[in-house]
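Commentary on secondary and tertiary structure
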Amino acid sequence: MLKQKRGDKNKLYSLHEPHVYCMSKGKAHQRYEFGAKASITSTRDSGILIGALAFEHNIFDGHTVPAVLAQLKRVLGQVPGIGIADRGCRGKSKVNDTRIVTPKPARANASPEAIALARKRFARRAGIEPLIGHLKSDHRLKRNFLKGFVGDQINVLMAAAAFNFKKWMRAVIFWLRTILTSRDSPEYAQAL
């Protein structure tokens, strides 16, 4: 570890977690992040997390798509027809039966309906960024206390499960409040 140089490949960043690698974030306030790459998959409308994967090596985001779709096939029994991804997945336009859509400028001859559909799709895609922030801050995805790469995988899955469980509990509480407040209302008493 002491003989590593700045430009060396396969550096060792941690003695107790040798599988950790450096990821360039491209952000001014935090240029690098150390750990394992994770992929989070969400539904378009409900925001439920349906996929969570950790990757052992720092691979290009576009190369993670087949593994993500394979996980969706195992979990859901089917894969979506259209996958909306960020610009990190450029280069892949189709993986098996799923068309991968990434943001890009509209063509000059694009119809207003196509432009509106693309804007709506990518607005929903941008909605996953705060979701990832909540996973990091509220569900312990930012710091992993489990050992090894298996620990990274478990941590990602547990954070996603906790997020979904919290969302489900909010829905149940809202439903119960609605029932209890409607029972106490005068309209409910008159209906009986």
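Notes on the structure follow. Remember, it's a predicted structure, so these values are computed and weren't measured experimentally.

What counts, and where the lines are drawn
- Residues numbered from 1 in each chain as written.
- Predicted model: local features only at pLDDT ≥ 70, side-chain atom pairs only at ≥ 80, totals over all residues.
- Heavy atoms only, no water.
- Helix = DSSP H or I, 4+ residues; strand = E, 2+ residues; numbered from the N terminus.
- Buried < 20%, exposed > 50% of the residue type's maximum accessible area, 1.4 Å probe, protein only.
- Contact = heavy atoms within 4.5 Å.
- Expected span 1.5 Å × (residues − 1).
- Arc of directions from axis to C-beta.
- Pairing = 2+ DSSP bridges.
- Axes fitted to C-alpha atoms, helices over the stretch in contact; angles between N-to-C directions.
- Parallel < 35°, antiparallel > 145°, perpendicular 65-115°, else oblique.
- Nonpolar A, V, L, I, M, F, W, Y, C, P; charged D, E, K, R; others polar.
- Patch = residues over 30% accessible without salt bridge, like charges linked within 9 Å, V, L, I, M, F, W, Y side chains within 5 Å.
- Areas by Shrake-Rupley, 256 points an atom, 1.4 Å probe, with all protein chains shown as cover.
- Salt bridge = Lys/Arg side-chain N within 4 Å of Asp/Glu carboxyl O.
- Lys, Arg positive; Asp, Glu negative; His and termini not counted.
- Charge placed at Lys NZ, Arg CZ, Asp CG, Glu CD.
- Polar contact = N/O pair within 3.5 Å; in protein donor to acceptor, adjacent residues only side chain to side chain.

On a plain count of helices and strands, the protein chain comes out with 5 helices and 7 strands. Starting at the N terminus and ending at the C terminus, the protein chain contains elements arranged as β-β-β-β-α-β-β-β-α-α-α-α. Out of the 192 residues belonging to the protein chain, those deemed buried represent 28%. Residue pairs in contact within the protein chain that sit at least 24 positions apart in sequence constitute 41% of those at least 6 positions apart.

With that out of the way, let us pick up helix α2 (residues 112-126). With 15 residues, α2 should reach 21 Å at 1.5 Å per residue; the first-to-last C-alpha distance of 21 Å fits that figure. Taken as a whole, α2 has its buried residues at Arg121, Phe122 and Arg125. One side of α2 holds all its buried residues, which, seen down the axis, span an arc of 90°. What points out from α2, more than 90 degrees from its buried face, is the exposed set Pro112, Glu113, Arg119, Lys120 and Ala123. On its buried face, α2 sits against β5 (82-84), β7 (98-101) and α3 (128-138).

Let us look at the sheet that holds β7. Strand pairing in a sheet relies on backbone hydrogen bonds, with the paired strands running either antiparallel or parallel. Spatial strand order, β5-β7-β6: 3 strands in an open sheet with mixed pairing. Whereas interior strands pair on both sides, the edge strands pair on one side only; in this sheet they are β5 and β6 (94-95). The strands that α2 touches are β5 and β7; relative to β5, the one it contacts most, it runs at about 60°.

Relative to the assigned elements, Ala70 resides in helix α1 (residues 65-76). Here Ala70 falls in the partly exposed class, since its relative accessible area comes to 34%. C-alpha separation for the pair Ala70 and Gly51, spaced 19 residues apart in sequence, amounts to 9.9 Å.

Before going further, it helps to examine the packing of α2 against α3. It is the contact of α2 with α3, at a shortest axis distance of 4 Å, that shows an interaxial angle of 10°. Accordingly, the angle class assigned to the pair α2 and α3 is roughly parallel. Between α2 and α3, the contacting residues are Arg124, Arg125 and Ala126 on the first element and Ile128, Glu129 and Pro130 on the second. Of the residues that constitute the contact of α2 with α3, the class distribution is 3 nonpolar, no polar and 3 charged.

Glancing now at a positive patch on the surface. A grouping of Lys94, Arg99, Lys104 and Arg107 is seen on the molecular surface, where their side chains present a positively charged patch. Mapping Arg107 onto the fold places it in the loop between β7 and α2. For Arg107, a relative accessible area of 63% translates into the label exposed.

Once that is clear, we can look at the side chain of Asn155. With respect to the element layout, Asn155 can be found in helix α4 (residues 148-183). From its side chain, Asn155 meets the backbone oxygen of Arg140 in a polar contact 3.4 Å long. Filtering out sequence-adjacent residues up to four positions away, Asn155 remains in contact with Arg140, Leu141, Arg143, Asn144 and Leu146.

Within the sequence span of α3, burial applies to Ile128, Leu131 and Leu135. In an axial view of α3, the angular spread of the buried residues amounts to 55°, which keeps them on one side of the axis. Following α3 by one or two positions, Arg140 has its phi on the positive side, about 60°.

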